[in-house]
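Now for the letters of each chain:
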Amino acid sequence: MYRSMVEKLEKWKKSSDKKPLVLYGARQVGKTWLMKEFGAKYYDSAAYISFDSDSLLKNIFEKDLSIPRIIHELSIAANIKITPETLIIFDEVQECPRALTSLKYFNENAPEYHVIAAGSLLGVMTLEGTGFPVGKVDILTMYPMSFYEFMSEIDDRFLPSIKIFDFQTITTFHDPIVELLKQYFFTGGMPAAVKKYSENRNFKEVREVQKVIIDSYYADFAKHIPSSYIARTRDIWESIPTQLAKENKRFLYSDMKEGSRGRDYEIALNWLTDTNLILKLYRVSLPNMPLIGYKQSSIFKLYMNDIGLLSARTDLDPKSYLDDSSKTFTHYKGGLAEQFVLQELLAANASLPIYYWATDKNTAEVEFVIQYKNDIIPIEVKSGKSVKSESLNMYRNEFKPARSIRFSLKNYGFIDGLYSVPLYMVGGLPGILEKS
């Protein structure tokens, strides 16, 4: 299974000023597989330490944080001689805060060792009596498999042409690529779901895998969230599909329960965003540099972390996704298309500043506004081939952007500063912008 994150890890390995690496990401996105695969392919050996499965390992870090002693005892625990040519993997590190703190001392006193730490709940862990090694670690965030990664596993015939922007060939095979995109809308990017689909192309079995993942998230709610906030966390989580089905997709607490107030849900919302189970997109009042200076913190949309899990929450039949004549799917295509574009943009560049723009009275809205180098670029999303849009036209007339993007199911085109890009090429947007 190909994951583009391997290339970022390889770059980290070769860096002359690398620090221990902390890998963020929601549960089930493939962090453990990635670290083990990276260790197997790029190192002489790998020492895998999981603090979730062996509580005795925590004792190694309780005495002191002397790196020579820790290396010696980890070598015994992992039954492998750890050298600077060994990749040291700390998995589920939130179960041992002292191990996370030790990364500071690996960086300062033993930079020759290569260490990666990961955990599904790193964003919400409390380091009692210690502290996160701020400035002493490198950080990467891992997302579900992108559409390009999905294609590499399911049908990679068109991928080389897409990656080099061979629009003549892409146009020839536009329809079968769109069919793959529809399959991705249903399957999503959770590795277990993609693997199941690659084995037998059985959508029913894919849905069963997705529901197991969703159930594991509910189990995390019960295990890790204070009991007084579990119900509120579930309220937010369960309301997202309904909120995305609205024409105005702005998240409203009152749409969950009448009389609900933001301050009552703040802890629950933060837990879901900090664990990467949901994605939060803020509105900007004006599309000016820097976008963060115009962020409206109380106005936002919420998305799930994976389009496949969002699809599973809708319980729509696979035919709804694959059959263009299905009316059942029509009203939900917009929400799924936005979900797809957001997670593809994040997978391509997790540090990209992404917001959305709308008028105060929500009479016009542009789905995404990104800050790319010295540009503010509006991005419109269309789920089909109809590209009629008053909102983007209003935005362009008022703010005069040098470049605008429209993702839809139409073929590639460019006119008067507007790029019409096939929806399946969101992952290639950085390259398109560089070439323009």
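Thresholds, definitions, all that
- Residues numbered from 1 in each chain as written.
- Predicted model: local features only at pLDDT ≥ 70, side-chain atom pairs only at ≥ 80, totals over all residues.
- Heavy atoms only, no water.
- Core = buried A, V, L, I, M, F, W, Y, C linked by side-chain atoms within 4.5 Å.
- Buried < 20%, exposed > 50% of the residue type's maximum accessible area, 1.4 Å probe, protein only.
- Helix = DSSP H or I, 4+ residues; strand = E, 2+ residues; numbered from the N terminus.
- Expected span 1.5 Å × (residues − 1).
- Contact = heavy atoms within 4.5 Å.
- Axes fitted to C-alpha atoms, helices over the stretch in contact; angles between N-to-C directions.
- Parallel < 35°, antiparallel > 145°, perpendicular 65-115°, else oblique.
- Left-handed = near helix turned anticlockwise from the far one by under 90°.
- Nonpolar A, V, L, I, M, F, W, Y, C, P; charged D, E, K, R; others polar.
- Phe/Tyr/Trp six-rings, centres within 6.5 Å; stacked < 30°, edge-to-face > 60°.
- Lys NZ or Arg CZ within 6 Å of the ring centre and 35° of its normal.
- Pairing = 2+ DSSP bridges.

Engineer: Got a minute to help me understand the nonpolar core in this structure?
Structural biologist: Generally speaking, a soluble globular protein has its nonpolar side chains buried in company with each other. Among the nonpolar cores identified, the biggest contains 119 residues, and Phe147, Ile236, Trp237, Phe340, Ile370 and Leu423 are the most heavily contacted of them. Among the nonpolar cores identified, the runner-up in size contains 28 residues, and Val22, Leu100, Leu103 and Ala110 belong to it.

Engineer: Would you explain unusual backbone geometry in this entry?
Structural biologist: Backbone geometry follows two general trends: most residues other than glycine have a negative phi, and most peptide bonds adopt the trans configuration. Met289 connects to Pro290 through a cis peptide bond whose omega is -20°. The residue Pro290 is located in the loop between β6 (278–284) and β7 (295–304) in this model. In this structure, Gln28 is a non-glycine residue whose phi angle is positive, near 80°. For Gln28, a relative accessible area of 37% puts it in the partly exposed group. Of note in the backbone geometry, Asn79 takes a positive phi value of approximately 55° without being a glycine. Within the secondary structure layout, Asn79 lies in the loop between α4 (67–78) and β3 (86–91).

Engineer: Just to check I follow, could you spell out helix α5 (residues 97–109) for this structure?
Structural biologist: Within an α-helix, residues lying three or four positions from one another point in the same direction, as the helix has 3.6 residues per turn. Look at α5: 19 Å from first C-alpha to last across 13 residues, which is about the 18 Å you get at 1.5 Å a residue. Taken together, the buried positions of α5 are Ala99, Leu100, Thr101, Ser102, Leu103, Phe106 and Asn107. Residues of α5 that are buried in the fold lie against β1 (21–24), α3 (59–62), α4, β3 and β4 (114–118).

Engineer: Looking at this structure, I do not really get the packing of helix α11 (residues 203–224) against helix α12 (residues 227–245). What am I missing?
Structural biologist: When two helices pack together, their arrangement is given by the angle between the helix axes and by the axis-to-axis distance. Packing of α11 against α12 brings their axes to within 9 Å, and their N-to-C directions diverge by 150°. With respect to α12, the element α11 is oriented roughly antiparallel. The two elements α11 and α12 meet at a crossing, and its hand is right-handed. Contacts between α11 and α12 involve Ile214, Tyr217, Tyr218, Phe221 and Ala222 from the former and Ile230, Thr233, Arg234, Trp237 and Glu238 from the latter. Residue composition of the contact of α11 with α12, grouped by class: 7 nonpolar, 1 polar and 2 charged.

Engineer: Teacher, can you tell me more about helix α9 (residues 174–187) here?
Structural biologist: An ideal rise of 1.5 Å per residue puts 20 Å on 14 residues; α9 measures up with 20 Å between its terminal C-alpha atoms. Burial within α9 is extensive, with 11 of its 14 residues counted as buried. Listing the buried residues of α9 in full gives His174, Ile177, Val178, Leu180, Leu181, Lys182, Gln183, Tyr184, Phe185, Phe186 and Thr187.

Engineer: Would you mind showing me how to read the packing of aromatic side chains here?
Structural biologist: The geometry of an aromatic ring pair is captured by two quantities: the separation of the ring centres and the angle between the planes. For the structure on display, the rule yields 31 aromatic pairs. Relative to Phe106, the ring of Phe90 lies with its centre 6.4 Å away and its plane at 70°, an arrangement referred to as edge-to-face. Taken together, the residues Phe90 in strand β3 and Phe106 in helix α5 connect sequence positions 16 residues apart. Each member of the pair, Phe90 as well as Phe106, is classed as buried. A ring pair is formed by Tyr218 and Phe221, whose centres lie 5.5 Å apart and whose planes are at 80°; its orientation type is edge-to-face. Here Tyr218 and its partner Phe221 are both found in helix α11, 3 residues apart, which amounts to about one turn of the helix. Among the aromatic residues, those joined into a cluster by ring pairs are Phe147, Phe150, Tyr184, Phe185, Phe186, Tyr197, Phe203 and Phe340. The ring of Phe186 is capped by Arg207, whose NZ or CZ atom sits 3.8 Å from the centre of that ring. Between Lys301 and the ring centre of Tyr356, over which it is positioned, the NZ or CZ distance is 4.3 Å.

Engineer: Before we go on, may I ask you to explain the sheet that holds β6 in this structure?
Structural biologist: Whenever strands of a sheet pair, they do so through backbone hydrogen bonds, lying parallel or antiparallel. Strand order across the open sheet formed by 8 strands is β7-β6-β8-β9-β10-β11-β13-β12, with mixed pairing between neighbours. In this open sheet, the two strands that pair with only one neighbour each are β7 and β12 (413–415). Neighbour-to-neighbour, the strand axes of the sheet open up by a mean angle of 30°, direction not taken into account. With 4 bridges joining them, strand β8 (residues 354–358) and strand β9 (residues 365–372) adopt antiparallel strand pairing. When the bridges of β9 are listed, Tyr355 appears paired with Val369. Relative to β6, helix α13 (residues 262–274) is tilted by about 110°, and along the sheet it contacts β6 and β7.

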